[in-house]
Amino acid sequence: MACKGIAVTEGLFSELQGQPLAQCLLVAALANDRLAPAYLFSGPDGVGRRLAALRFLEGLLGGGHAAPRERRRLEERNHPDLLWVEPTYNHQGRLIPRSEAESIGVSKRTPPQVRLEQIRELSRFLARQPLQSPRGLVILEQPEAMAEGAANALLKTLEEPGHGLLILLSAAPERLLTTIRSRCQQVRFTRLSQECMRSVLSQLPDEQGDQALDLAARHSELLALADGSPGALMEHVRLWNSVPEELRQRLQTLPTTPLQALALARDVSEQLEGDQQLWVINWWQQNLWNASTQPQHLKRLDRLRQHLLSFVQPRLAWEVALLNLIGA
């Protein structure tokens, strides 16, 4: 592939499928050595944003070429000039990254956040002199999960970026402050075609992708939820398998009595972690949509999601929502 006369460095972005525009923009930036201080990689989860960020930084470290040693260090997150920031849980006075929470046994009753102290660390990191690379490199995942104080601190950093390079990976850029978006060069990533999705999934080890496609063929709502994202489909399959089958069966239809509603609220809030509860809402809405349920039911579930994200006590939020559904 070529981008307006600029030859793509062979092997650098070869794994990135279905994102020609994003690839062209990144290759042009490397080829012309014209890098913005901050980028916003926006688009659905699971379509290649993280992979593109890693290869972009690899190209920066390797002078525009594939650099296997740097690739390994970046993927393992052990490069001295790379800081990787992701939402965290506050567990026993410590901030536990989302990727480590399950292995440590952290309760995930409330969604993780990007916190003020993380943004302060990010700012200090960008201000220091890099050790081996031309500039300090920061990847910030899910910046839309920032509280107001963290967002304001990030804005201040973007106003005085220094010589670092910051990449924001966001699936919901509309939830970011307009002033943050305006200070980043946005690189948009789009959903993949069915053919491209199958190609990506077929490359996964141990037939994981084939198994996910097989489950999605039997439960079409999973494919609808993925909406052109192979990474999202894998995550939906993981969450599907994590929810007890008995609970999934009860969620196929709306409760019809207050006792059923209260019992379901109790079981959902006690048996499922916060991320599972949020996924169940999405899955349930898709099922209700397929069943041509009244629009007000979907809106009530939207309010339930907002309450959970606002740290309302989960059982109370589910009780109110399910009782309202009966009233509707």
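Residues numbered from 1 in each chain as written. Predicted model: local features only at pLDDT ≥ 70, side-chain atom pairs only at ≥ 80, totals over all residues. Heavy atoms only, no water.

Novice: Can you lay out the nonpolar core for me, pointing to particular residues and giving the numbers?
Specialist: Ranked by size, the top nonpolar core spans 40 residues in total, and within it Leu222, Leu233, Trp279, Trp284, Leu304, Trp318 and Leu322 carry the most contacts. Of all the elements in the fold, those that place two or more residues in this core are α8 (194–202), α9 (208–218), α10 (220–226), α11 (230–242), α13 (258–271), α14 (274–290), α15 (295–309) and α16 (314–327). Residue contributions to this core peak at seven residues, all from α14. Filtering out sequence-adjacent residues up to four positions away, leucine 322 remains in contact with Pro255, Ala261, Leu264, Ala265 and Trp284. Core analysis: the second largest hydrophobic core is formed by 30 residues, Val27, Leu30, Leu61 and Leu165 among them. (Core = buried A, V, L, I, M, F, W, Y, C linked by side-chain atoms within 4.5 Å. Buried < 20%, exposed > 50% of the residue type's maximum accessible area, 1.4 Å probe, protein only. Helix = DSSP H or I, 4+ residues; strand = E, 2+ residues; numbered from the N terminus. Contact = heavy atoms within 4.5 Å.)

Novice: Give a description of the pattern of salt bridges that names residues and reports values.
Specialist: If charged atoms from side chains of opposite charge come close, those side chains can pair. Enumeration according to the criterion identifies 23 salt bridges in this entry. In this structure, the salt-bridge partner of arginine 55 is glutamate 58, at a minimum N-O distance of 3.9 Å. With a gap of three residues between them, arginine 55 and glutamate 58 both fall in helix α2 (residues 49–61), about one helical turn apart. Classification of glutamate 58 by relative accessible area gives buried; the value is 0%. Residue arginine 250 pairs with aspartate 267 through a salt bridge whose shortest N-O separation is 2.7 Å. Placement of the pair is arginine 250 in helix α12 (residues 245–250) and aspartate 267 in helix α13, with a sequence separation of 17 residues. Given a relative accessible area of 11%, aspartate 267 falls into the buried group. A single network of salt bridges, built from pairs that share partners, joins Glu15, Arg55, Glu58, Arg71 and Glu75. (Salt bridge = Lys/Arg side-chain N within 4 Å of Asp/Glu carboxyl O.)

Novice: Requested: an account of the packing of aromatic side chains, with residues and values cited.
Specialist: Evaluation of the coordinates by the stated rule reveals five aromatic pairs. The interplanar angle of 80 degrees and the centroid separation of 5.3 Å between the aromatic rings of tyrosine 39 and phenylalanine 56 together place this pair among those described as edge-to-face. Pair noted here: tyrosine 39 is in strand β3 (residues 38–42) and phenylalanine 56 is in helix α2, with a separation of 17 residues, a long-range link. The exposure classification of tyrosine 39 matches that of phenylalanine 56, with both residues buried. Members of the aromatic cluster, joined through ring pairs, are Tyr39, Phe41, Phe56 and Phe189. Taking the ring centre of tryptophan 84 as reference, the NZ or CZ of arginine 77 above it sits at 3.9 Å. Sitting over the face of the ring of tryptophan 240, arginine 248 holds its NZ or CZ atom 3.9 Å from the ring centroid. (Phe/Tyr/Trp six-rings, centres within 6.5 Å; stacked < 30°, edge-to-face > 60°. Lys NZ or Arg CZ within 6 Å of the ring centre and 35° of its normal.)

Novice: Quick one: what's the story with the pairing of strand β5 (residues 88–91), residue by residue and with numbers?
Specialist: The pairing of β5 with strand β6 (residues 94–97) spans four bridges and is classified as antiparallel. Bridging across to β6, threonine 88 finds its partner in proline 97. Where β5 hands over to β6, the hairpin turn is made up of two residues, of which glutamine 92 adopts a positive phi near 55 degrees. (Pairing = 2+ DSSP bridges.)

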